[in-house]
Every structure is written in structure tokens, then in C-alpha cells.
Amino acid sequence: MSGVTPRGTAGAAIVAEGVSKKFRLFHERNQTLKSAIMRGRRIVSDDFWAVRDVSFEVPHGQTFGLIGRNGSGKSTLLKTLARIYQPDEGRVVMSGRVSSMLEVGSGFHPELSGRENIFLNGSILGLTRKQVAARFDEIVDFSGVEAFIDQPVKNYSSGMYVRLGFAVAVHTEPDILIVDEILSVGDGAFREKSRKKFAEFTGEGRTVILVSHSLFEIRDMCQQVAWMHAGRLRAIGATDDVVEAYEASIESESS
């Protein structure tokens, strides 16, 4: 385990170099430029660095975990890796096609059926209609929502949303799959199916980035882990080493 950046694996799936992301925090509620001008007041705000100077590399064929308490910067970093956010400093280099599952129902239209959303989500992830059709039965079988596939997804439970969205994401066969706290919504059978899919992915040389508060999941699925704390990378290394250090930190803070 190391608190510093691992450097230099040629041909890494993901390279993050000095990545920082900030947000503007206003000192008043509902602060806008228009409202400030109307009241003859200047806008008062501060920069909040959600992620600060984070660097690491992830090899091909690995499940890489991100851990840390709420507010540590995990989800912001994940959204930066997924190109939802652009870093304010530094850069991220991704090798290959990326698929992400960051929120329940992301990429779904609530008024459309599960069937229609499979084709919609597949197209968003870069597949042709013919490619989605060829994988349709596998997607539905993996999701376990066969009985509801022609119902609007607005009527789905959160677990059904997750299973269907995750099934589409993994069956697009991305080179890099990014997942944020999604598996916790599914039941035990779904988590086991997902674990096997991750193992299949990494066996094929694909890469998975996983954020989870379940340290059991992290230990079970990940080969390396990065520990985020207050927006910075606290440690990175072998899963057991980093998780043990993280647990020791939590225990010392609560004692």
C-alpha cells in the first residue's frame, strides 16, 4: 500500500494525472447573477475542490475499487472518469470504449417500456439497433424483468431499474465499465450474477471501476483499491491492505 501515485505501467486502461474538480459554492440561497444585479449586490462565492490532485493508473483486466466516506470525492472522481465532468486541472486518459452506470435509471425514459429503453440505452452506449436486437434476449435474461419488459419503466422498482440498466451496460461489451453504488440496490442473486460478470470481464482483459460502501463487495471483487479522503487520494494499493487501513482509520475516529 502507498499513499503516493503508482507510476508507469505502459498501456494502462485508465490514467489519471493530477485530476482536480471544483464547484462554486454561493453564500446565499438561490443566488443567480440576475438576482444579484437586481438587488445591487455582488455575487459572493467560494471554490470548493471536490477532487484535488488525484493521480493513479489502472491496468487492463482489473476490477479497481474506490472507497471513502460520504463527501470524500468518490462520486465526483467517478463522474470525471466517465466524462460527465471535465477536470478543472489535470487529465484523464481512457483506453477503449467506456460504459457507465452511475445512477438508478440513468439513460432511461420513464414513459417508455423496458423493451424500448433497451434499444434507447443501447444506442446511447454506441450500439446499432441490429446489435441491440442480437443481444436483446441475453439482456432481458440477465436483468430478470421478463414479465415486465413491455411495461413503462416508471412503474419499475429501483431494483428492477438497476438490473435492467446494468444488464444493458454490461452487454454492450465496453472496454471499461464504471459503476457507482448500483449493486447495493439489487438482491443477493443479482449481486452474485454481477460478480461473475465482472470476473468474466476482467478475464477478457476488460476493466471495471467500482465505488461501493460495502467493504465485503470491495474485498470480493477488487484487485486494487484507492481510498479517497476529503477530495484527495489517501492511499492506493492491494485491496486487503487499503481496506484494513481504512477500517482502522474509521475505528480510531469513532473511539
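For the structure, check the block above.
A brief report on the enclosed structure follows. In this text, all values refer to a predicted model and were calculated from it rather than measured experimentally.

Conventions adopted
- Residues numbered from 1 in each chain as written.
- Predicted model: local features only at pLDDT ≥ 70, side-chain atom pairs only at ≥ 80, totals over all residues.
- Heavy atoms only, no water.
- Buried < 20%, exposed > 50% of the residue type's maximum accessible area, 1.4 Å probe, protein only.
- Helix = DSSP H or I, 4+ residues; strand = E, 2+ residues; numbered from the N terminus.
- Pairing = 2+ DSSP bridges.
- Phe/Tyr/Trp six-rings, centres within 6.5 Å; stacked < 30°, edge-to-face > 60°.
- Lys NZ or Arg CZ within 6 Å of the ring centre and 35° of its normal.
- Contact = heavy atoms within 4.5 Å.

Concerning the pairing of strand β5 (residues 98–101)
In β5, alternate side chains face the same way, and those of Ser99 and Met101 are buried while those of Val98 and Ser100 on the opposite face are not. In this structure, β5 lies alongside strand β6 (residues 176–180), joined through four bridges in parallel fashion. From the neighbouring strand, Val98 faces β6, where its bridge partner is Ile176.

Quick notes on the packing of aromatic side chains
Applying the stated rule across the entire model yields 10 aromatic pairs. Ring centres of Phe56 and Phe64 lie 5.3 Å apart, and the angle between their planes is 15 degrees; this geometry places the pair in the stacked category. Judged by its relative accessible area of 0%, Phe64 is buried. An aromatic cluster of at least three residues, connected via ring pairs, comprises Phe142, Phe166, Phe190 and Phe198. Lys21 extends its terminal NZ or CZ atom over the ring of Phe23, reaching a point 5.7 Å from the ring centre. It is Lys193 that lies over the ring of Phe142; its NZ or CZ is 5.3 Å from the centre.

Notes on the environment of His229
You can see His229 is positioned in strand β8 (residues 224–229). Judged by its relative accessible area of 38%, His229 is partly exposed. Sequence separation of His229 and Val51 is 178 residues, and the distance between their C-alpha atoms is 9.4 Å. Ignoring any residue separated from it by four or fewer positions in sequence, one finds His229 in contact with Ser72 and Arg234.

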